[in-house]
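One letter stands for each residue in the lines below.
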Amino acid sequence: MKALSYLLITQLKNRILSLKKKPALLILNIFVFAMLILLIVVSVFATEEMNYGMDFADERIIYLIIAGLGFLFLGINITTGLSTGSTLFTMSDVGLLFVAPISPKKILLYGIISTLGKTFLASFFILYQIGTLKSEFGYGMREILILLLIYVLLIFACQLISIGVYIFSNGNLVRKKAIQAIFITAGAILVALALVYQRSHQTDIMDALLWMVDQNWFGFIPIAGWAVLLFKGVIEEIFIKVLGAGIFYTIFSILFIYLLTSGKSDYYEDVLLSTELTDQKLKAAKEGRKYSPKSNRKIKIKEDNKEAIKGIGAAVLAYKNRLERKRRSRFVYIDGYTVFACIGTGIAAYNMKGNEFAGYIILGTLAYILFFMTVFGPLNFELSKHYIYLIPDKSVKKIVASSITSLLKPCVDGVFIFGIMALLGGTDPLTAIFLALAYMGIGVLYVGLTVMYQRVLGGQPNMLAKAFVGIGLLLIVLAPSIISSVIVAMILPESLRFLSTLPFTICSVAFTAIIFIACGDLLDKSDYLVK
Amino acid sequence: MLTVNGVTKKYGKLIANDNISFEVNPGEISVLLGPNGAGKSTIIKCIAGLLKFKGNIYINGNENKSLQAKRDLGYIPEMPALYDLLTVWEHMEFIARAYSLENWKEQAEALLERFELEDKRKKLGSELSKGMQQKVSICCGILTDPKVILLDEPMVGLDPHAIKELKNLIIERRNKGNAILISTHMLDSVDEFWDSANIMMNGKIAARRTRSEIAGTGEDLEALFFQITESNRDRIGGME
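About the cut-offs
- Residues numbered from 1 in each chain as written.
- Chains lettered and ligands numbered in written order.
- Predicted model: local features only at pLDDT ≥ 70, side-chain atom pairs only at ≥ 80, totals over all residues.
- Heavy atoms only, no water.
- Helix = DSSP H or I, 4+ residues; strand = E, 2+ residues; numbered from the N terminus.
- Rg over C-alpha atoms; globule rule 2.2 N^0.38 Å.
- Buried < 20%, exposed > 50% of the residue type's maximum accessible area, 1.4 Å probe, protein only.
- Contact = heavy atoms within 4.5 Å.
- Areas by Shrake-Rupley, 256 points an atom, 1.4 Å probe, with all protein chains shown as cover.
- Lys, Arg positive; Asp, Glu negative; His and termini not counted.
- Charge placed at Lys NZ, Arg CZ, Asp CG, Glu CD.
- Buried area = accessible area lost by both parts, 1.4 Å probe.
- Salt bridge = Lys/Arg side-chain N within 4 Å of Asp/Glu carboxyl O.
- Polar contact = N/O pair within 3.5 Å; in protein donor to acceptor, adjacent residues only side chain to side chain.
- Nonpolar A, V, L, I, M, F, W, Y, C, P; charged D, E, K, R; others polar.
- Patch = residues over 30% accessible without salt bridge, like charges linked within 9 Å, V, L, I, M, F, W, Y side chains within 5 Å.
- Domains from an automatic or database assignment.

Section: the overall build of chain B
Across its full length, chain B holds eight helices and 10 strands. At 18 Å, chain B has a C-alpha radius of gyration in line with the 18 Å of a compact globule built from 240 residues. Principal-axis analysis of the C-alpha atoms places the extent of chain B at approximately 55 × 35 × 35 Å. Across the 240 residues of chain B, 55% fall into the buried class. For chain B, long-range pairs separated by at least 24 residues make up 67% of all intrachain contacts whose partners lie at least 6 apart in sequence. Counting only carbon and sulfur atoms, one obtains 48% of the accessible surface of chain B, whose full area is about 10200 Å². Of note, chain B has its 31 positive side-chain charges centred 6 Å away from the centre of its 34 negative side-chain charges.

Right, here's the structure in full:
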């Protein structure tokens, strides 16, 4: 164990010492820590009297959030387990520890402790919710620390599940199907129960969900239910509930660790692939590349020449991107995201019927998702290959050509998404058309921003600085568009309110044109940073 | 002809290339030798127009970022970078169209056959092993019939047949009058055909020799390489 404890301690020590070489990161860490202390002090002492006699929010909301998080982590980790598995290790562990004469059980313990440490650090963000939790629910430090513990337990248990599912189902389709069936059936039963309650009590779905998480039997549902049971036990000061949850988690952890280390099972081979994939993801993130995992879907290459690349010079990039899209999705621009966004919009629009801001809320949510999809999307990927830099054509032509599919995608999505919104949400068709145009406009603007980011921040190795400046640039570019639309919305009479997003659309397109003109020389003026 | 004149490349405070100058003439194979981190790949990327730098680089008399320079340049990167969703043949077609090549199919067929890729024509980039990807990358770099060729550690990951073919190809291209620059840290791999060698250390060119100079003096390139790299290491060690 000496080598492993040395490794754990030395890594922690070096991580802290490395801050000396990164003053910006050191300042950020000190700032975050100081803010945290300030928040704790202020919320613990300052609001003690304010809370006295106040009506707090329904506690079941917190139970529902815990359960929701639990199911979300569970779903993600089971899906990962069915494909590549999760990992507690890094490639250096594989290369140096797995081959060393150290017991695999001890190495597993090292992996667990190391992962728990990282998870614990990541969970500190919960402490920033102290203010809200205290003012809305009247919680003190005890409850907040329990929430922190629950978060760590959820992440840890779900990671174990992911590895367990992978070991149990790797290469066995029947087992994979069985796990999927169990998870889907369990989910369907819970949804059915909530719907039955909603129908029989003539209430809304939120009320039904709140009822469900408050039931005693919910505490017996693995992972998510146990987390709710633990928190309820602390809140209601019922020791048996806390003990029950503790026993459940302990038995579960022992069982899964036993599965990993027992008999002939050799977890080294099982975690190798997932460790390699995790390592590739991390490397891609560090180099600012997009990580594209190998798809299991067999892509059929047509014998005829109908799929061939067309165009000459820079234009070939547009045709190549279109061909790549076609190979990812049969309908080229209509893909999984289009379907997901349409379903989400349909549900939201239906539930917010009659709300005059529904369209804008949906537009804002979709614009938020679209930002990440575009900035880390195809253009960013194209810039990670050297070909675009070498093609003998003007930089601006190459940038425009390689952006065409990214420019068209939100246009196609906009038609479907806001068409669905008009259909299911009863939104006035003119408003839906102008919202779709605004969505297209912001999609176009994000493509422009991707080019601008590469031009302004392409050579910046510090990811944190990139993120800060990136968000700043986004706000600067978005502000005039949003302000102009808000002003127009206030001026316009009710009958012409549907035009309120038009200034936003026009500004977005105009800004994009300016960015393309100003940053069109990107390929001549920026560094290609991928090895 | 390739002319590199006073090129300096910095990454923050780190000077990756420090005032580097050299030339590669038509019909010459020049090698960049040096240990890991000497700055070989950086200067190759500067020449290929992938990095910003201070100084001047000319490809056949044209500034390296000009369109004509790009037309005359072939670049084979250290790490093959293929498109996952394009087949081997589509990579050829993509390059041919991007460079507006005519009558390229015969040349593409010949290259694929030479590197034993004929049966992989319909394989997607994602379905190829790293070695196969490197072979496709070589074919893409050569298809445009470039006058100046840059090869960054080109033998890494190749099988013996592909190494032999690549060496033959490099010699053929020299005989056709191409200026060829190869970066490597493996002297043995270029021993048979190099014409001039630049030994790099800490971002600078520490020594330059031609084959004829070495033949005349009896100097050994490998001995010179170790003399430069190891004396530098000792000097740095002494300073520490």
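So, the interface of chain A and chain B
Contacts between the two partners involve 40 residues from chain A, matched on the other side by 37 residues from chain B. Summed over both partners, the interface of chain A with chain B buries about 3600 Å², with 60% contributed by carbon and sulfur atoms. Our enumeration of links across chain A and chain B arrives at two salt bridges. Where chain A touches chain B, the interface holds 14 residue pairs in polar contact (both at pLDDT 80 or more). Elements represented by at least two residues in the side of chain A that touches chain B include exactly helix 13 (315-328), helix 17 (387-390) and helix 22 (522-525) of chain A. Among the elements that line the side of chain A that touches chain B, the one with the most residues is helix 13 of chain A, at seven residues. Here the side of chain A that touches chain B is built from residues that sort into 17 nonpolar, five polar and 18 charged.

Quick notes on unusual backbone geometry
All names here are of chain B. Phi is positive for asparagine 19, close to 50°, though the residue is something other than glycine. Position of asparagine 19 among the secondary structure elements: in strand 2 (residues 14-24). Phi at glutamate 116 is positive, roughly 55°, even though this residue is not glycine. You can see glutamate 116 is positioned in the loop between helix 4 (105-114) and helix 5 (130-143). Relative accessible area serves as the criterion here: at 38%, glutamate 116 is assigned to the partly exposed category.

Focus: a positive patch on the surface
Positive charge collects at one region of the surface, where A:Arg15, A:Lys20, A:Lys21, A:Lys22 and A:Lys118 lie side by side. Locating A:Lys20 in the fold gives a position in the loop between helix 1 (2-18) and helix 2 (23-46).

Overview of the domain arrangement of chain A
In terms of domains, chain A is made up of domain 1 (2-8 + 57-286) and domain 2 (315-525). The straight-line distance from the C-alpha centre of domain 1 of chain A to that of domain 2 of chain A is 35 Å.

Here's the deal with a nonpolar patch on the surface
A cluster of nonpolar side chains, A:Ile238, A:Phe239, A:Ile240, A:Leu243, A:Ile247, A:Ile251 and A:Leu255, forms an exposed patch at the surface whose accessible area comes to about 690 Å². Considering the arrangement of structural elements, one finds A:Ile247 in helix 11 (residues 239-261).

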